[in-house]
Amino acid sequence: MSRPDKPLRVAVLGAESTGKTALTLALAEALRECGVRAAVVPEYLREWCDAAARTPAPHEQRAIAREQARRVLAVRDADLVLADTTPLMTAIYSELLFADRSLHPFALAHQRHYDLTLLTGLDLPWVPDGLQRDGAHVREPVDALVRHALREAAVPWHVVYGHGPARRDHALAAIFQ
């Protein structure tokens, strides 16, 4: 599954409250049970918000995106790396919240480091979760912006739907196809 020079990289993207973290952790567990050395790179923004006790300002977005990218690319001792978001999500939220598209070139260039991009569908109910949640009303616009950015950059992606094990199995099928 891995290549000699680097592990297989899988990005998990999606609007807020679409199960990215739960899916990433479930995938890692299932892959490890199959003997795959799977590493998870958590969402750095969540860590940042917890430490700062607030959401980031526009001028802080670039550093958050770069740190997320750095952490993903630093993983070498795994067969497969699961990224619980990528700089593209930071770029999308910067565009949506601050009308700032300046992170898009970096984010899309970084997105090309992934062997597979999974986009979580909007079929799960919205659940509040700390500082990072803007509300159910942003899910559709965020999903549309992600799809547009991926299409515009010719980055292929696979949408993952389903609840619980069905969502995980749908994602596993995309990984192993």
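Before reading on, note that the structure itself is shown above.
As the structure is a prediction and not an experimental result, all values here were calculated from the model.

Calculation rules
Residues numbered from 1 in each chain as written. Predicted model: local features only at pLDDT ≥ 70, side-chain atom pairs only at ≥ 80, totals over all residues. Heavy atoms only, no water. Core = buried A, V, L, I, M, F, W, Y, C linked by side-chain atoms within 4.5 Å. Buried < 20%, exposed > 50% of the residue type's maximum accessible area, 1.4 Å probe, protein only. Helix = DSSP H or I, 4+ residues; strand = E, 2+ residues; numbered from the N terminus. Contact = heavy atoms within 4.5 Å. Axes fitted to C-alpha atoms, helices over the stretch in contact; angles between N-to-C directions. Left-handed = near helix turned anticlockwise from the far one by under 90°. Patch = residues over 30% accessible without salt bridge, like charges linked within 9 Å, V, L, I, M, F, W, Y side chains within 5 Å. Areas by Shrake-Rupley, 256 points an atom, 1.4 Å probe, with all protein chains shown as cover. Salt bridge = Lys/Arg side-chain N within 4 Å of Asp/Glu carboxyl O. Pairing = 2+ DSSP bridges.

S.K.: Could you clarify how one ought to interpret the nonpolar core in this entry?
M.R.: If you look at soluble globular proteins, the nonpolar side chains tend to sit buried side by side. Among the nonpolar cores identified, the biggest contains 20 residues, and Leu13, Leu88, Met89, Ile92, Val142, Val146 and Leu150 are the most heavily contacted of them. Elements that contribute at least two residues to this core include exactly helix 4 (87-98), helix 5 (104-111) and helix 6 (139-152). With sequence-adjacent residues up to four places away left out, Leu150 is seen in contact with Leu13, Leu88, Gln111, Thr117, Val155 and Trp157. Formed by 19 residues, the second largest nonpolar core is a distinct cluster that contains Leu31, Ala38, Leu80 and Ala171.

S.K.: Can you walk me through the packing of helix 1 (residues 20-33) against helix 7 (residues 165-176) in this structure?
M.R.: When two helices pack together, their arrangement is given by the angle between the helix axes and by the axis-to-axis distance. Interaxial distance between helix 1 and helix 7 falls to 10 Å at its minimum, and their mutual angle equals 65°. The interaxial crossing formed by helix 1 with helix 7 has right-handed handedness. Contacts between helix 1 and helix 7 involve Leu23, Ala26, Leu27, Ala30 and Leu31 from the first element and Arg167, Arg168, Ala171, Leu172, Ile175 and Phe176 from the second.

S.K.: Explain a nonpolar patch on the surface here, please?
M.R.: Taken together, the side chains of Leu96, Leu97 and Phe98 define a hydrophobic patch exposed on the protein surface, amounting to about 230 Å² of accessible area. Looking at the element boundaries, Phe98 is found in helix 4.

S.K.: So what exactly am I meant to see when it comes to the sheet that holds strand 2 (residues 38-41) here?
M.R.: Note on sheets: strands pair through backbone hydrogen bonds, and any given pair is parallel or antiparallel. Read from one edge of the open sheet, 5 strands run 2-3-1-4-5, paired in parallel fashion. The two strands at the open ends of the sheet, each matched to only one other strand, are strand 2 and strand 5 (158-160). When the angles between neighbouring strand axes are averaged without regard to direction, this sheet yields 25°. Here 3 bridges tie strand 4 (residues 116-120) to strand 5, and the two strands are oriented parallel to one another. The residue of strand 5 that forms the bridge with Leu118 is His158. Sheet contacts for helix 7: strand 1 (8-13), strand 3 (80-84), strand 4 and strand 5; angle to strand 5, the most-contacted strand, approximately 160°.

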